[in-house]
Amino acid sequence: MTMNRRTCLYNLSWLGAACLLAPSLPTISGSNRRRFHVCLNVDALDRDPGLLSLVKNAGVDTVWLAGFFYGHWPYPVEKLQAARETIEAAGMAAHIVNVPLGHPGDSLDAKDGGFPLTPPRSWKLATRPDGSSYAGTSLHPPATHENTAALKVLREAGFSRFFLDDDFRLAPAPGQIGGCFCPEHRIEFLQRGGYGDAKWEELLADVRERRLTPLLRNWIEFQCDALTQSFREQQKAVGEGRLGIMVMYLGAEKAGIRLSDYQDVPFRVGELMFDDASFGRVKGKTDELFSALMHRRFAKPELAFSESTAFPADRLSDRNMAAKLAVSTLADVRHTMFMSGITPFPRAHWETLGPAMKIQAEHHGKLMGHTPRGPFKHYWGEAGRWISDDQPFSLFLAAGIPFEVADQRPRDGWTFLSDFDARALDTHSKNGAGTLFIHRPSAKVKLLESEPLEESLDALFALKQRIKPKLESIPYVEENIPAVCAWYPSAQSVLIWNLTEEPQKLTLKFKASRRPVHLNALGTALVEEVG
């Protein structure tokens, strides 16, 4: 079956993995309140004239339109300009999301093949370490040149805010060590490092074994240099406008994304759980929160965006979409971006989202700028960012005990390690950190001041019972029910997120006090005057 052009463009505009985030009409640099954005497309506005008022009434103030897609223009620039005028006439801001490199798969869900899913033939394919080829996340000429030219066209058309979608990366998927292993990049890398040909097979072995050797480190830096240079060239094309980057789930150096290079630009924290099957699991929610918290180490809160995505459009229920909003509140991500697949998610979702957006904006307004503190430590080290399989030990976030994010190895509390970060520590005879490291038995390491622990709720609740005598000066959830408990001492507040699909009556224990807290299914509650 062949997709007609109008249907193809309509579907394309709502692509989740291809929508881009950025600030709204006033500015992004001074966002001191929670703001909400949505990805729409020009045909969607024609098909549903009431759509803008629907999302605006729910609390959305910015619309992002699909622009340039890996060598293709799905919409005439004149049509994008007309859509911007319609959006601005409705009192909202209109910006552009570009998909600069493509995607290694059908991120459009365009099963009938109407829209080209790969770049033009003039763009080269990417090569995996095993020598196989694929389309997407390949940074060969003329990709940067054509993307830069497209941004100049859009800038001249009056657009000033742009995002590069998370397909702006050099790894096919999370947990993979990226880069294009083609003959051209092989020659360039070996010449740059002054290596002989034999080093190439050594590099491929390092990639297979995930060994962070000096050689593999140089390869990853080589990829990061290339991606950053491409971003800088595109950044110049927008002049006084703003260009941001959308980052994949736990996206970091191994995907060519040197996080420190993007600290002063709009930055989308990486998320992944786009349907009920993934986000509906407690572990799915804690993985999502873990990734957002990690990226916020590198992103300023006023420049940080979420990816609140349903993909395909009907696979994430309205209540799970609403529950996702808590991730941004907990991580102090000031901008929420609603996205879906190739079609808009159901209109009825906005009946649930509107009230949930107001609740989270209220909670967030009282917490923004404050830092969560606690004895449980969120740590994602160099091994996690450079060579890991992106499987964090995240379930501790559901134990109802306050946590904090650590840039360096902590010196107190309990620090939860991925297998790769645990093995990296295992190379040191002494850690001397003063924290108790918790790692999964699968790490197969023997660390001083450490304890192997299965990543399960039962094991974590058993740990919680053992350490309760050490929590007397810490507010925590008394029951063994999956809940995130974030403590903000400077705000004298605790935010609790119920991770279950049933209403819960929990107890916040703090010193001699025990305060009952009633939570809706998947809901949050802000407990104030704690301390």
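Residues numbered from 1 in each chain as written. Predicted model: local features only at pLDDT ≥ 70, side-chain atom pairs only at ≥ 80, totals over all residues. Heavy atoms only, no water.

1. Examining helix H6 (residues 183-193)
What counts, and what does not: Burial here depends on accessible area, computed with a 1.4 Å probe over protein chains only, as a share of the maximum for the residue type. Under 20% is buried, over 50% is exposed, and the range in between is partly exposed. For the purposes of this entry, the term helix denotes a DSSP run of H or I that reaches at least four residues, the term strand denotes a run of E that reaches at least two, and both are numbered from the N terminus. Throughout, the arc means the angular range of directions from the helix axis out to the C-beta atoms.
When we look at burial in H6, the residues that qualify are His185, Phe189 and Leu190. Looking straight down H6, one finds that the buried residues subtend no more than 125 degrees of arc, so they occupy a single side. Taken from the residues just after H6, Gly194 is the one with a positive phi, measuring 70 degrees.

2. Quick word on the sheet that holds strand S17 (residues 476-477)
The criterion, for reference: Two strands make a pair as long as DSSP finds a minimum of two bridges between them.
The three strands lie next to each other as S17-S20-S21, forming an open sheet whose pairing is antiparallel. Two strands lie at the open edges of the sheet, namely S17 and strand S21 (513-519), each paired on one side alone. Relative to strand S20 (residues 504-510), S17 runs antiparallel, the two sharing two bridges. Along S20, the bridge assignment pairs Tyr476 with Lys509.

3. So, the pattern of salt bridges
Our working rule: The working definition used for a salt bridge is a side-chain nitrogen of Lys or Arg within 4 Å of a carboxyl oxygen of Asp or Glu.
Overall, the coordinates contain 36 salt bridges when judged by the stated rule. Between Lys254 and Asp390 there is a salt bridge whose closest N-O contact spans 2.8 Å. Note that Lys254 is positioned in the loop between strand S7 (242-246) and strand S8 (267-268) and Asp390 in the loop between helix H13 (382-386) and strand S13 (403-406), a separation of 136 residues in sequence. Classification of Lys254 by relative accessible area gives buried; the value is 3%. Exposure remark for Asp390: the relative accessible area of 3% places this residue in the buried category. Arg258 is the salt-bridge partner of Asp261, the closest N and O atoms lying 2.8 Å from each other. Since its relative accessible area comes to 17%, Asp261 is described here as buried. The exposure class of Arg258 is buried, given its relative accessible area of 16%. Overlapping salt bridges, with partners in common, bring together Lys283, Asp287, Asp419, Arg423, Arg440 and Glu455 in one network.

4. Observations regarding the environment of Ala157
For Ala157, the position within the fold is in the loop between helix H5 (143-156) and strand S6 (161-164). Look at Ala157 and you get buried, because its relative accessible area is 8%. When the C-alpha positions of Ala157 and Glu78 are compared, they lie 8.1 Å apart, and in sequence the two are 79 residues distant.

5. Quick notes on the sheet that holds S13
What counts, and what does not: For helices, the fitted line uses only the C-alpha atoms of the stretch in contact; every axis is such a line through C-alpha atoms, and the angle between N-to-C directions lies from 0 to 180 degrees. Residue contacts follow a heavy-atom distance rule, with two residues in contact if any of their heavy atoms lie within 4.5 Å.
Read from one edge of the open sheet, five strands run S13-S12-S14-S15-S16, paired in parallel fashion. One side of each edge strand has no neighbouring strand; the edge strands of this open sheet are S13 and strand S16 (450-452). When the angles between neighbouring strand axes are averaged without regard to direction, this sheet yields 30 degrees. In this structure, strand S14 (residues 414-417) lies alongside strand S15 (residues 436-439), joined through four bridges in parallel fashion. Residue pairing in the sheet places Thr415 in a bridge with Phe437 of S15. Helix-sheet contacts for helix H10 (residues 282-296) involve strand S12 (376-379) and S13, and the interaxial angle to S12 is about 70 degrees.

6. Details of the nonpolar core
As a reminder, the rule being used: For our purposes a nonpolar core is just a set of buried Ala, Val, Leu, Ile, Met, Phe, Trp, Tyr and Cys residues, chained together by side-chain atoms within 4.5 Å.
Core analysis: the biggest nonpolar cluster contains 130 residues, and Phe338, Trp350, Phe376 and Ile496 have the highest contact counts within it. Aside from chain neighbours lying at most four places away, what touches Phe376 is Phe396, Ala399, Ile401, Pro402, Phe403, Glu404, Trp414, Phe416, Leu463 and Ile467. Grouped together as the second largest cluster of nonpolar side chains are 18 residues, Ile177, Leu203, Ala383 and Ile387 included.

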